[in-house]
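# Remarks on the overall topology
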Amino acid sequence: MSDLPHLSGNDIREKFLKFYESQQHKILPSASLIPEDPTVMLTIAGMLPFKPIFLGQRKAPQPRATTSQKCIRTNDIENVGRTARHHTFFEMLGNFSFGDYFKEQAIAWAWELSTQVYKLPAERIVPSVFEEDDEAFAIWRDRIGIPEHRIQRMGEKDNFWESGITGPCGPCSELYYDFHPELGDKKIDLEDDSRFIEYYNLVFMQYNRDAAGKFTPLENKNIDTGLGLERMAQILQQVPNNYETDLIFPIIQTAAEIVGIDYGKVDEKTKTSLKVIGDHVRAVVHMVADGVTASNVGRGYILRRLIRRVIRHGRLIGIEGNFINKIAETAIALAESAYPNVREREEYIKSQLQREETQFLKTLDRGEKLLAEIIAKAANLGAKQISGEEAFELYDTYGFPLELTQEIAEEHGLSVDLAGFEREMEEQKNRSKDSHEAIDLMTQNALGEIVTASTETNFLGYTQLVAQSQVMGIVVINDRGSHNAQSAGAGDDVQIILDQTPFYGESGGQIGDRGYLSGDDVLIRIEDVQKEGNIFIHKGKVDRGTLNLGGIVHATIDRSCRRRIQANHTATHLLQAALKKVVDESVSQAGSLVSFDRLRFDFNSPRALTPEDIQQVEDLVNTWISEAHEADVNVMPLEEAKTKGATAMFGEKYADNVRVIDFPGVSMELCGGTHVHNTAEIGVFKIISETGISSGIRRIEAVAGAAILDYLNVRDRVVKELSDRFKVKPESIGDRVNNLQEELKATQKELEAAKQELALAKSDSLLSQAETVGEYKILVANLGAMDAKSLQSAAERLQQKLGEAAVVIASIPSEGKVSLVAAFSQKVIKEKQLQAGKFIGGIAKICGGGGGGRPNLAQAGGRDASKLDEALATARQQLIEGLG
């Protein structure tokens, strides 16, 4: 081991990329953690950015590529910090061949990289192959010179890669590093994690599997590989786990310094928390840098969960207050040389993390209060255990660590239902389990076959609204699925590829054009247009006639829809420019939708907008519209556009040459969408709503141009209906509604008072039913359909009138629901040691419920009204026994 070169993580990454660059691979930058692929939430593998190429939906820009790809996986998040090699964030070094070289060259280069570049001893490398892949086995044996007994044949589970039931697939060959070669190679067990670590996976994508399970060799065979940067760092830096490499350990050390501990001297539990902090801070820094914002859904939920786990583990090791940004500074410093965007967006990253941390610390405080209530409730009920459901709510909603719940519970003589907690955890995993953790290459196979054979669609829509086009591909969709077709007839749902088109394909937030294709006695309504790479997919239905492959059609877009969408898209640009002026220059787009009838603009904002802000933004946009600014549209190199100050959407991938939409003095953005030629064409702009959709993200919905008329017509119709119904003028509707609300409040108060009076009168009639037990009175009764508040008032009144007494009364306020109240006098409490809270909680359990309260007055509920008579009989018997 001591002969291994000690390479830093940055050195390992650079040597990998340079090695494959010397083998004519083009070095490509890491794709964003927010993938283009809608089937996954985050970039989960190094090959994901190339999925359209492997599917044949996009032409490879070059036959060979190499990348260092940022990845996030959270499907086994509970193992992070507990094993040597589990991470949420990791870097996958990969080399890819798109129909160029195949097995022999891939294996030879993997061996050369391992032994010549990284200087791994040949005797420490053990390759595995798919059990039926004799070709790969022979290459390792004959070309590389590995003894047969060291080449491990593995089954389909370990060494056969597939995207799904159908689609591209193929065998794998994996390279393992042996930490203990002194154990010999007679009984090699690659499952032994203490001895072997898999560090390089070579996927030979050579087959296509159809629905019947039949394998057909691919015409163009591909190579997809992945070398784990963290794993190679563990090997070369000779440390016991990935966390102690220079990629992560400085982050761990920063966390340890904050709390004043030495990583090398703490127990395993504390080390686990430090590892979780190191891994997760690295992950959240890159996620926020790539544009993920914390929320309760999708990738935003993943980010929020990771941040909360960091804070929870910080608490476990004794960190109080805000601390995450100090650790994030170390993570940013470690990443900036390979990923400059983390330094460029440092302030934004810190602001997002601090906002989320501060908010969660308040949540944690609420969790502590809830735990105190749960413990008090358990004590009142005489329970010995906190339920798994309650412990999981603390864990999942309030970020309260299970260990902390157990510790505090034990101080109060309680345990935690761990089996129940695990059940809740498993249910949560099943609810949120990311079906996107596997890359699905089987979708749209029928379409993919056409795309493979098609050239890029020539888009004419910037200058033409009508074009004569040739049909290059037809997919017919029916109940049996989708299939390539030579023709499509009336009634068929179709997806059509043309050689050229005026139809805009959905991208950049702008939805696709509508219109129709027509020819000799054939008409197809086009409802949507999507893009697969640079190939446009026209989705629609054949209204009449027969559409034939290779036929000529006239492609015509709906001019009215196009005008509407142009107005909304340009209005979106003006909106962003106005927000920068009115709110803050740092405002940036976080998402958008440009449709025919409206526009939606999501943006990062340091603060919420006031009504005055919104009005000022709207007025400014309308001013620019009335000033009739001409559009200046140019295509130029990306760097030139940035130098000129063009606004780009963060995280968006741009080509070397970009289209710039410039309304001089107002707005200049990189954009491939369709726009008006002059702002005056928009007509008018109106903001409909402004809301917060997640922490630090605001959303504006608005309408512009002709869509304004639709908006006004709807509002006018509503106003007329209200005016007629209330028999007032439109300007008086507000006053009339206020008056009605006041009348309703007054009526509700009168009704409430009447209910109270009725309840008291009804309760007074029960006084004669009270029983005498020794020197006490007891009263147990069912008052029928009485609400819970009135029931409580009745119980208090009865107890006061009866004097030294115990009162238990019930009602059924709604179908199936039970309310119970116990009211005990002070003498009952002190001399007979009966407490209303504990007593009524036990009675409520009979009706499938629970509850509690003060010793003298307590309320409970139940879900099974059929058990109420039994519950009241039990209450009477227990009171007789307790007071006798």
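Right, let's walk through the structure included here. (Residues numbered from 1 in each chain as written. Predicted model: local features only at pLDDT ≥ 70, side-chain atom pairs only at ≥ 80, totals over all residues. Heavy atoms only, no water.)

### What to know about the overall build of the protein chain
What counts is decided by this rule: Put simply, DSSP H or I for four residues or longer makes a helix, DSSP E for two residues or longer makes a strand, and each gets a number counted from the N terminus. For every residue, the accessible area (1.4 Å probe, protein chains only) is compared with the maximum for its type, and the residue is labelled buried under 20%, exposed over 50%, or partly exposed between those bounds. Contact definition: two residues touch when any of their heavy atoms are within 4.5 Å. Method for areas: the Shrake-Rupley scheme with a 1.4 Å probe, in which residue coverage is limited to the protein chains shown. Charge convention: Lys and Arg are scored as positive, Asp and Glu as negative, and His as well as the terminal groups of each chain are ignored. Here the site of a charge means NZ on Lys, CZ on Arg, CG on Asp, or CD on Glu.
Tallying secondary structure elements over the protein chain gives 25 helices and 35 strands in all. Buried positions account for 51% of the 884 residues belonging to the protein chain. Looking at the protein chain alone, contacts between residues at least 24 apart form 69% of all its contacts between residues at least 6 apart. When the accessible surface of the protein chain is split by element, carbon and sulfur atoms take 47% of a total near 40,000 Å². Mean positive and mean negative side-chain charge positions of the protein chain (101 and 129 charges, respectively) differ by 4 Å.

### Let's talk about the pairing of strand β24 (residues 599–604)
What counts, and what does not: By the convention used here, strands pair only if DSSP detects at least 2 bridges between them.
Of all 6 residues in β24, 5 are buried; the element is thus mostly enclosed. Alignment of strand β23 (residues 588–594) against β24, held across 6 bridges, turns out to be antiparallel. Bridge pairing links Ser588 to Asn604 in β24. In this antiparallel pair of consecutive strands, β23 and β24, the connection spans 4 residues.

### A few points about the pairing of strand β9 (residues 215–228)
Direction of pairing for strand β3 (residues 89–98) relative to β9: antiparallel, over a ladder of 5 bridges. Note that in β9 the partner of Leu93 across the bridge is Leu227. Sheet topology places strand β8 (residues 196–209) next to β9; 9 bridges connect them, and they run antiparallel. Residue pairing for β9: Asn201 is matched across the bridge by Gly226. With antiparallel pairing between neighbouring strands as the criterion, β8 and β9 make up a hairpin whose turn holds 5 residues, including Gly213 at a positive phi of roughly 85°.

### Structural notes on the nonpolar core
Here is the rule we go by: What we call a nonpolar core is a set of buried Ala, Val, Leu, Ile, Met, Phe, Trp, Tyr and Cys residues that are connected through their side-chain atoms within 4.5 Å.
Counting 111 residues, the largest nonpolar core has Tyr118, Leu120, Tyr199, Tyr200 and Val281 as the members making the most contacts within it. The leading source of residues in this core is helix α12 (residues 346–381), at 11 residues. One finds Leu599, Ile625, Ile661 and Phe685 within the second-largest nonpolar core, a separate group that totals 29 residues.

### Remarks on the sheet that holds strand β29 (residues 697–704)
The line we're drawing: Lines fitted to C-alpha atoms define the axes, with helix axes restricted to the stretch in contact, and inter-axis angles between N-to-C directions lie between 0 and 180 degrees.
Strands sit in the order β23-β24-β29-β28 across an open sheet of 4 strands; the sheet is antiparallel. The open sheet is flanked by β23 and β28 (685–694), the only strands paired with a single partner. Adjacent strand axes in the sheet meet at a mean angle of 20°, parallel and antiparallel pairs treated alike. Where β24 and β29 come together, 6 bridges link them in antiparallel fashion.

### Here's the deal with the pattern of salt bridges
To be explicit about the condition: Think of a salt bridge as a Lys or Arg side-chain nitrogen and an Asp or Glu carboxyl oxygen that are within 4 Å of each other.
In the structure shown here, the tally under the stated rule is 35 salt bridges. Glu91 serves as the salt-bridge partner of Arg13, at 2.9 Å between the closest nitrogen and oxygen. Highlighted residues: Arg13 in helix α1 (residues 9–21) and Glu91 in strand β3, separated in sequence by 78 residues. The residues Arg13 and Glu91 share a single accessibility class, namely buried. Of the charged contacts, one joins Asp716 and Lys720 as a salt bridge, the two residues approaching to 3.3 Å between their closest N and O atoms. Of this pair, Asp716 and Lys720 both sit in helix α20 (residues 707–726), separated by 4 residues, roughly a single helical turn.

### What to know about the packing of aromatic side chains
Basically, it comes down to this: Note on ring pairs: Phe, Tyr and Trp rings are taken, using the six-membered ring of Trp, and paired if centres are within 6.5 Å. Classes follow the plane angle, with under 30 degrees stacked, over 60 edge-to-face and the rest tilted.
What the rule picks out here adds up to 22 aromatic pairs. Between Tyr177 and Phe179, the aromatic rings sit 5.4 Å apart at their centres with planes inclined by 75°, giving edge-to-face as the arrangement. We note that Tyr177, like Phe179, is buried. Note on Phe459 and Tyr462: the rings are 5.0 Å apart at their centroids and 85° apart in plane angle, and the pair reads as edge-to-face. According to the relative accessible area criterion, Tyr462 is partly exposed, its value standing at 38%.

### A short note on the packing of helix α10 (residues 324–335) against α12
Test applied: An angle below 35 degrees is treated as roughly parallel, one above 145 as roughly antiparallel, one from 65 to 115 as roughly perpendicular, and anything else as oblique. Throughout, a crossing is termed right-handed when the near helix is turned clockwise from the far one, and left-handed when it is turned anticlockwise from it by less than a right angle. Under the scheme applied, nonpolar residues are Ala, Val, Leu, Ile, Met, Phe, Trp, Tyr, Cys and Pro; charged residues are Asp, Glu, Lys and Arg; polar residues are all the others, including Gly.
In the contact formed by α10 and α12, the axes pass within 10 Å of each other and the chain directions differ by 150°. Relative to α12, the element α10 lies roughly antiparallel. Seen from above, α10 lies across α12 with right-handed handedness. Note on element contacts: α12 touches α10 through Glu346, Ile349, Lys350, Leu353, Gln354 and Glu357, opposite Ile324, Asn325, Ala328, Glu329 and Ile332. Classifying every residue of the contact of α10 with α12 gives 5 nonpolar, 2 polar and 4 charged.

### Some points on the sheet that holds strand β27 (residues 667–670)
Read across the open sheet, the 3 strands follow the order β25-β26-β27; overall the sheet is antiparallel. Only two strands of the sheet have a single partner each, and these edge strands are β25 (632–637) and β27. Sheet twist, expressed as the mean angle between neighbouring strand axes with direction ignored, is 25°. Where β25 meets strand β26 (residues 657–663), 6 bridges bridge the pair, whose relative direction is antiparallel. By the bridge assignment for β26, Met636 is matched with Val658. Of the strands in this sheet, β26 and β27 are in contact with helix α17 (residues 559–582), which crosses β27 at around 115°.

### Some details on the side chain of Gln589
Relative to the helices and strands, Gln589 resides in strand β23. Beyond its immediate sequence surroundings of up to four residues, Gln589 is in contact with Gln576, Phe601, Asp602, Phe603, Asn604 and Met649.

On their own, these measurements won't tell you what the molecule is for.
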